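# Structure assessment
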Amino acid sequence: MADFDQELDASGLNCPLPILRAKKTLSGMDAGQILHIIATDPGSVKDFDAFSKQTGNELLESKEEGGKFHFLIKKA
Amino acid sequence: MDQKKLAIIATKGSLDWAYPPFILASTAAALGYDTQIFFTFYGLQLLKKKLALEVTPLGNPGMPMPMGMDKWFPVLGMTLPGMQGMVTSMMKKKMSSKGVASIEELRELCMEAEVKVVACQMTVDLFDMDHSEFIDGVEYAGAAAFFEFAGDSDICLYI
């Protein structure tokens, strides 16, 4: 996993909390910084893809590892 | 890109039906939508300072019941006193074990995200309610005010 500036562990949280927490964390970050999100909700894979497309915050990486989902999002 | 708008009418006052408006509004706000919910009739229960929302299995054959209760429990059994409270507390326990947010939490997230919350004044009068029963930040208006916002919304939902 590439470098990141902040990490958000949304494990155990269900829709729509991972997205809402990510949005909140991103709003406290600077443009260009990268947020690493960890989630266990299988729906979050499609949701973070959709979140990225609609907000312009780029989804750099999306993968499953050790039963968890990992996302890297670069703040626009 | 112009900011998109989402308008929701929330008409139901049960625990299960409280979820769609707050989930959709909070998510839309996170996606950058200008979002408004217009609460009318039983939907006003969702704005009470102290929420007392319940869920009933009555008249709802689609509701999965724990331990196969729907198979061995006759429909009439669900009308027994205390049954609705029991089903409600089981549902809340289930939701919290699955990491589903409470309505209080989702509502708070909506308010934080500046979702505009409008209550139907006619319903407030109809049910002899008082503004002091509702959370802060609620505006009171009627149908015309709803159309002012909904008229140029991109998505409009009746829940």
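Residues numbered from 1 in each chain as written. Chains lettered and ligands numbered in written order. Predicted model: local features only at pLDDT ≥ 70, side-chain atom pairs only at ≥ 80, totals over all residues.

## Considering the sheet that holds strand E1 (residues 5–10) of chain B
Two orientations exist for strands paired in a sheet by backbone hydrogen bonds: parallel and antiparallel. Residue and element names in this part refer to chain B. Ordered by their spatial adjacency, five strands build an open sheet running E4-E3-E2-E1-E5, and the pairing between neighbours is parallel. Two strands close off the open sheet at either side, each with one partner strand: strand E4 (138–141) and strand E5 (155–158). Taking each pair of neighbouring strands and ignoring which way they run, the sheet shows an average axis angle of 20°. In the sheet, strand E2 (residues 34–39) pairs with strand E3 (residues 116–120) via four bridges, with the strands oriented parallel. What sits directly across from Phe38, in E3, is Val118. (Pairing = 2+ DSSP bridges. Helix = DSSP H or I, 4+ residues; strand = E, 2+ residues; numbered from the N terminus. Axes fitted to C-alpha atoms, helices over the stretch in contact; angles between N-to-C directions.)

## Details of the interface of chain B and chain A
Across the boundary between the two partners, chain B contributes eleven residues, which contact eleven residues of chain A. Per element, the largest residue contribution to the side of chain B that touches chain A is four residues, and it comes from helix H1 (residues 15–30) of chain B. Residues of the side of chain B that touches chain A, tallied by class, amount to six nonpolar, four polar and one charged. (Contact = placed C-beta atoms within 7 Å. Nonpolar A, V, L, I, M, F, W, Y, C, P; charged D, E, K, R; others polar.)

## A short note on the pairing of E3 of chain B
Residues and elements named next belong to chain B. In terms of burial, E3 is a largely internal element, four of the five residues being buried. Pairing geometry for E3 and E4, over four bridges, is parallel. Following the sheet pairing, Val118 is matched in E4 by Glu139. (Buried ≥ 20, exposed ≤ 12 C-beta atoms within 10 Å, placed from the backbone.)

## Some words on helix H2 (residues 44–55) of chain A
Every α-helical turn comprises 3.6 residues, leaving residues that sit three or four positions apart pointing alike. All names here are of chain A. With twelve residues, H2 should cover 16 Å at 1.5 Å per step; its first-to-last C-alpha distance of 16 Å lies within 8% of that length. Turning to H2, its buried residues number three or more, namely Ser44, Phe48 and Phe51. Buried positions in H2, seen along its axis, are confined to an arc of 55° and lie on one side of it. For H2, the exposed residues set more than 90 degrees away from the buried face come down to Lys46 and Lys53. Remark: Gly56 follows H2 within two positions and exhibits a positive phi of approximately 85°. (Expected span 1.5 Å × (residues − 1). Arc of directions from axis to C-beta.)

## Structural notes on the confidence of the model for chain B
For residues with low pLDDT, the predicted coordinates do not support detailed interpretation. For chain B, the mean per-residue pLDDT works out to 92, and 94% of the residues sit at or above 70. With a pTM of 0.89, the predicted complex shows an ipTM of 0.86. (pLDDT = per-residue confidence, 0-100.)

## A closer look at the environment of Glu61 of chain A
All names here are of chain A. In this fold, Glu61 is placed in strand E3 (residues 58–65). For Glu61, a count of 14 C-beta atoms within 10 Å translates into the label partly exposed. In this structure, the C-alpha to C-alpha distance between Glu61 and Gly32, residues 29 residues apart in sequence, is 15 Å. When neighbours within four sequence positions are excluded, Glu61 is seen to be in contact with Ala2, Phe71 and Leu72.

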